[in-house]
Amino acid sequence: MCDFMSFYVSYDARKVWPGDLRHHYVMENMHHLSFLLRSLRPPIPCEWTRNDDGESLECRPPEQAAHDAAWYRDRILSRWPRREQLLMWCLNHMPEGSYRLDLRGCTELTALPAALSVADLDLSCCRSLTSLPNGLSVDILNLWACSALTSLPADLSVEELYMWGCTALTGLPDGLDVDALDLTDCTALTALPDDLIVREWLNVSGCTSLRALPAGLTVDTLDLRGCTALTALPHNVTVRDSLDLSDTSVTELPDDINCGDIYGL
């Protein structure tokens, strides 16, 4: 994989504007700041590329610029000796109200700025990410394969949460209230919060250490496939559409369960 980061500097290299982040293999915009660049029209584009062979910083000053490309490269490197430092600077200077931030596969990312404001946040395969900022509020949060992440902020606000393969995750915050929750293959997870609210579907398939579900859980769809440590369901569970118990240790259902289709029992 090759990561591409663009940014812009003023003629005197004292002002910097964040540009776009892309994955070369799909050439996908990672955070959409085109509207910002159109309004500022910064003069000198720069690109910082990372691939398996190392990192490459390129500046393309126009003919009327006061200095050559090497001068601008030296100024940038003196301010940010490493690419991840520039990455954090760009994240700290994103405009409020940005809709989507896609940082898939940014393996150097260990944390996010506290003031980050975005609706759709994709951090999948950020394998060095160890924590999320307090007060994070997003509509969609994708944390697939964030294997170093052990917990979530207590005040996290999210509508859809995807955490497939977060193998170090040991628990969820109390009071978590979501529309959809995917915890597939979160193998260190042993229990869910007693007050967890999931309005639509809950997937905990492959959570081999999960031993219990909260009493009174109400969902549309509940996928428990491969939860080998789960031996029973709690009372007052409601599953409006479908319940999958394949490859679990559950052999019978409580009398007060309210369920639609049942598979794997």
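Conventions adopted
- Residues numbered from 1 in each chain as written.
- Predicted model: local features only at pLDDT ≥ 70, side-chain atom pairs only at ≥ 80, totals over all residues.
- Heavy atoms only, no water.
- Helix = DSSP H or I, 4+ residues; strand = E, 2+ residues; numbered from the N terminus.
- Contact = heavy atoms within 4.5 Å.
- Areas by Shrake-Rupley, 256 points an atom, 1.4 Å probe, with all protein chains shown as cover.
- Buried < 20%, exposed > 50% of the residue type's maximum accessible area, 1.4 Å probe, protein only.
- Phe/Tyr/Trp six-rings, centres within 6.5 Å; stacked < 30°, edge-to-face > 60°.
- Salt bridge = Lys/Arg side-chain N within 4 Å of Asp/Glu carboxyl O.
- Core = buried A, V, L, I, M, F, W, Y, C linked by side-chain atoms within 4.5 Å.
- Disulfide = S-S within 2.5 Å.
- Arc of directions from axis to C-beta.
- Pairing = 2+ DSSP bridges.

The next point concerns the overall build of the chain. Summing up its helical and strand segments, the chain has 3 helices and 14 strands in all. Contacts spanning at least 24 positions in sequence make up 20% of the contacts within the chain whose residues lie at least 6 apart. Of the accessible surface of the chain, which amounts to about 12,300 Å², a share of 46% is contributed by carbon and sulfur atoms.

Quick look at unusual backbone geometry now. One non-glycine residue, cysteine 125, adopts positive backbone phi at about 65°. Structurally, the position occupied by cysteine 125 is in the loop between strand S7 (118-122) and strand S8 (140-142). You will see that aspartate 247, though not glycine, has its phi angle at about 60°, which is positive. With respect to the helices and strands, aspartate 247 occurs in the loop between strand S13 (238-244) and strand S14 (258-263). The exposure class of aspartate 247 is exposed, given its relative accessible area of 61%.

So, on to the packing of aromatic side chains. All told, the structure shown has 5 aromatic pairs when counted by the stated rule. Residues tryptophan 71 and tyrosine 72 carry aromatic rings whose centres are separated by 5.0 Å and whose planes lie at 85° to one another, so their mutual orientation is edge-to-face. What links up through ring pairs into an aromatic cluster is the set Phe7, Trp80 and Trp89.

Attention now moves to the pattern of salt bridges. For the coordinates displayed, the defined rule picks out 8 salt bridges. For arginine 60, the salt bridge is made with glutamate 47, and the minimal N-O distance between the two is 2.8 Å. Residue arginine 60 is found in the loop between strand S5 (54-59) and helix H2 (69-79), and its partner glutamate 47 is found in strand S4 (residues 44-51); the two are separated by 13 residues along the sequence. Of the residues examined, glutamate 47 reaches a relative accessible area of 19% and is grouped as buried. Put simply, Asp177, Asp179 and Arg199 are held in one network by salt bridges that share partners.

To continue, consider the nonpolar core. Soluble, globular proteins show a tendency: their nonpolar side chains are buried together. With 73 residues, the main nonpolar core has Leu123, Leu141, Leu143, Met163 and Leu183 as its most contacted residues. No other element matches the 5 residues that helix H3 (residues 83-92) contributes to this core. Residue contacts for methionine 163: discarding those within four places in its chain leaves Leu143, Trp144, Leu149, Leu152, Leu169, Leu172, Asp182, Leu183, Thr184 and Cys186.

Across all of its chains, the model carries 0 disulfides by this definition. With no disulfide of its own, cysteine 146 lies closest to cysteine 166 among cysteine sulfurs, the gap being 5.3 Å. Residue class for cysteine 146 comes out buried when judged on its relative accessible area of 0%.

Our focus in this paragraph is the environment of glycine 260. By the element assignment, glycine 260 lies in strand S14. We classify glycine 260 as partly exposed; its relative accessible area is 33%. The sequence separation of glycine 260 and threonine 238 amounts to 22 residues, and the corresponding C-alpha distance is 8.7 Å. If we ignore the near neighbours within four places in the chain, the residues touching glycine 260 are Val239, Arg240 and Asp241.

Position of cysteine 259 relative to the elements: it lies in strand S14. Taking the C-alpha atoms as reference points, cysteine 259 and leucine 222, separated by 37 residues in sequence, lie 9.9 Å from one another.

Turning our attention to the environment of tyrosine 99. Looking at the element boundaries, tyrosine 99 is found in strand S6 (residues 98-102). Excluding residues within four positions of it along the chain, tyrosine 99 makes contact with Val118, Ala119 and Asp120.

Let us look at H2. One turn of an α-helix holds 3.6 residues; hence residues three or four places apart share an orientation. Within H2 the residues assigned to the buried category are Trp71, Tyr72 and Ile76. Within H2, the buried residues cover an arc of 130° as seen down the axis, which keeps them to one side. Where H2 is buried, its residues meet strand S1 (3-9), S4 and S5.

Before going further, it helps to spend a moment on the pairing of S1. The buried fraction of S1 amounts to 6 of the 7 residues, a majority that puts the element mostly inside the structure. Inspection of the sheet shows S1 paired to S4 by 7 bridges, in the antiparallel sense. Paired with phenylalanine 7 across the two strands is cysteine 46, which belongs to S4.

Where strand S11 (residues 197-203) lies against strand S12 (residues 218-223), 3 bridges are found, and the strand directions are parallel. Bridge pairing in S12 places asparagine 203 opposite aspartate 223. Bridge analysis of S12 against S13 gives 5 bridges, and the strand direction is parallel. The residue bridging valine 219 from the neighbouring strand is valine 239, located in S13.

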